[in-house]
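Take a look at the letters that make up each chain.
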Amino acid sequence: MSTCKKARAEGICVVTLDRLSSLPPEIKGNILSLLNVEEAVRTCTLSSTWRDAWANMPKISLRDGNFARTKFVTLVDMVLSLHKGTIEECHISGNKNYHDEFGRWMLMLSRKSPRSVIIKLNSGPMYRIPSCLFSLGDLKSLRLKNCIISLPRVFQGFKSLTYLSLSFFSSTDRDIQNLISFCPELTYLRLTSFEGIKCLNIQSPTLEDLLVDGYFEDINLDAPNLEEAILSLDLKAKSYQFVPIPHDKESHVKQSLGSLSDIEMLLVGGFFMKYLSKGCIVTKLPVVFTRLEDIYLVICLSDQRQVLTACSLFQNAPNLKNLGMLSYPSRTWDEDKASIQELTLQMQMDHLVTASVKEFRGRDYEVDFVAKLLTWAPALEEVKLEWKGQIDRSMVLTKLLALPRVSPRAKVIVT
């Protein structure tokens, strides 16, 4: 490069650096938020104007990754202690044990009044969430993993919280109920892989999106504005130890379903279907799901009570358009389908357009269910079956192609 060109290039770099250096601290902080914390801290060596720029970063992500434990502890301590002003988002995650430092970190973090907090420390026993974290009045989003939720005696609630996600956690019926009900703006709730909760009480007039996947014995759901729900019982828990729901709880379960009247999408896991089917939820439900257009079920099609429960949902979803199912085999095959035949004679699914069955094995009870779908749905266009069978596929295909259907456009596709 000629001397002239080199001088010109160096001049451009100096001008660019000067322009960046003259930016307000808030803008510098936003720029540095695009880097990981370690890189952002290193910018303090650029010049005196950048010395404390990282301390105004509104978003902080601290992940141990390839850090040695001691180095990561030093980094977190420095960032949380020297950061200036408010932290909009803070993400701390790691796969090493930080129980000795956890309480100190949470105390320092609480003094920064964060709007969004993500804590995912996966190693060792569950981390008990200290009371200082429950005092964050401006918190809007909270995601916690591998923790113990025990509310302080004086809990004012999260008045601005809209998003709550708890996974691999332990708590009690009362603490979870109070945590949810003391969040008056909550719209999204995710509870997965939990222990210590027998009756799950979810009362939230603002809740729109719900995901529950864990073991519980009973559920009380009161969420009149719910639009999407995924309900599943943990397969690793006491899945096969269900007993019929007592009569005094049957109306309680139906009332919970009734609170879903405005829901638009419903996903029901297999063992939640089993839970419902054990509770005599096979008769007419107390509510019509007029806005429900998408249903996804994990279902044992050889279990006549689960099929009857599914049919009860279908009957009360007159505008259902898309039906997705994952079929799983039962340990005990009940071939008595007399009561199913009686119910299906009256089924009508006028708006159903697409249906799919994953892990389709070609069993007679699965073929029979597909046959009923083809006679229930006059607007049906496609039934997609994802094959997982070990029996003669060609024989099953012959049966499927020969099935009568009320919709001339209905196609049965096996992949």
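- The chain carries the name F-box domain-containing protein in an unreviewed UniProt entry, which gives Aegilops tauschii subsp. strangulata as its organism.

1. Description of the packing of aromatic side chains
(1) Moving on: In total, this model carries 14 aromatic pairs according to the counting rule given.
(2) Moving on: With 6.2 Å between their ring centres and 85° between their planes, F72 and W105 make a pair best called edge-to-face. Here F72, found in helix α4 (residues 69-82), pairs with W105, found in helix α5 (residues 99-110); they are 33 residues apart in sequence, far enough to count as distant.
(3) Moving on: Aromatic pair F360 and W387: ring centres 6.2 Å apart, planes at 55°, arrangement tilted. Taken together, the positions of F360 in strand β15 (residues 354-360) and W387 in strand β16 (residues 382-387) put the pair 27 residues apart, joining distant regions of the chain. No difference in accessibility class separates F360 from W387, as the two residues are buried.

2. Describing the nonpolar core
(1) Moving on: Core analysis: the biggest nonpolar cluster contains 106 residues, and W105, L200, L297, F314, M349 and L400 have the highest contact counts within it.
(2) Moving on: When residues of this core are assigned to their parent elements, the largest contribution, eight residues, is made by helix α11 (residues 364-376).
(3) Moving on: Residues within four places of F314 in sequence aside, it is in contact with I295, L297, L320, L323, M347, M349, F369 and W376.

3. Section: the pattern of salt bridges
(1) Moving on: Summed over all chains, the structure comprises eight salt bridges.
(2) Moving on: Counted as one network, the salt bridges with shared partners bring together E359, R361 and K388.

4. Side note on the confidence of the model for the chain
(1) Moving on: Averaged over all residues, the pLDDT of the chain is 78; the fraction at 70 or higher stands at 72%.
(2) Moving on: Across residues 236-251, where pLDDT falls below 50, the model places 23 contacts with residues more than four positions away in sequence or in other chains.

5. As for α5
(1) Moving on: Taking 1.5 Å per residue, 12 residues should reach 16 Å; α5 reaches 17 Å between its end C-alpha atoms and fits that length.
(2) Moving on: All of the buried residues along α5 are E101, F102, W105, M106, M108, L109 and S110.
(3) Moving on: Its buried side turned inward, α5 meets α4, β2 (89-94), β3 (116-121) and β4 (127-128).

6. Notes on helix α6 (residues 173-181)
(1) Moving on: Where α6 is concerned, the buried positions are D175, I176, L179 and I180. Taken end-on, α6 shows its buried residues confined to a sector of 125°, consistent with a single buried face.
(2) Moving on: Residues of α6 that are buried in the fold lie against β6 (163-170), β7 (188-195) and β8 (199-203).

7. With respect to unusual backbone geometry
Trans peptide bonds make up the majority, and among non-glycine residues the majority have a negative phi.
(1) Moving on: Residues other than glycine seldom take positive phi values, yet S193 does so here, at roughly 50°.
(2) Moving on: By secondary structure assignment, the location of S193 is in strand β7.
(3) Moving on: Taking the relative accessible area as the measure of exposure, S193 reaches 24% and is therefore partly exposed.
(4) Moving on: One non-glycine residue with positive phi stands out, namely E359, at about 55°.
(5) Moving on: Of note, E359 is situated in strand β15.

8. What to know about the packing of α11 against helix α12 (residues 393-401)
(1) Moving on: With their axes 10 Å apart at the nearest point, α11 and α12 run at an angle of 25° to one another. It follows from the interaxial angle that α11 and α12 lie roughly parallel. Here the hand of the crossing between α11 and α12 comes out right-handed. Residue-level contacts link D364, V367 and V370 of α11 to V396, K399 and L400 of α12.

9. A few points about the packing of α4 against α5
(1) Moving on: One way to put it is that α4 packs onto α5 with a least axis distance of 9 Å and a crossing angle of 20°. Judged on the interaxial angle alone, α5 and α4 are roughly parallel. α4 and α5 meet at a crossing whose hand is left-handed. Here R69, F72, V73, V76, D77, L80 and S81 of α4 come into contact with α5, specifically with E101, R104, W105, M108 and L109.

About the cut-offs
- Residues numbered from 1 in each chain as written.
- Predicted model: local features only at pLDDT ≥ 70, side-chain atom pairs only at ≥ 80, totals over all residues.
- Heavy atoms only, no water.
- Phe/Tyr/Trp six-rings, centres within 6.5 Å; stacked < 30°, edge-to-face > 60°.
- Helix = DSSP H or I, 4+ residues; strand = E, 2+ residues; numbered from the N terminus.
- Buried < 20%, exposed > 50% of the residue type's maximum accessible area, 1.4 Å probe, protein only.
- Core = buried A, V, L, I, M, F, W, Y, C linked by side-chain atoms within 4.5 Å.
- Contact = heavy atoms within 4.5 Å.
- Salt bridge = Lys/Arg side-chain N within 4 Å of Asp/Glu carboxyl O.
- pLDDT = per-residue confidence, 0-100.
- Expected span 1.5 Å × (residues − 1).
- Arc of directions from axis to C-beta.
- Axes fitted to C-alpha atoms, helices over the stretch in contact; angles between N-to-C directions.
- Parallel < 35°, antiparallel > 145°, perpendicular 65-115°, else oblique.
- Left-handed = near helix turned anticlockwise from the far one by under 90°.

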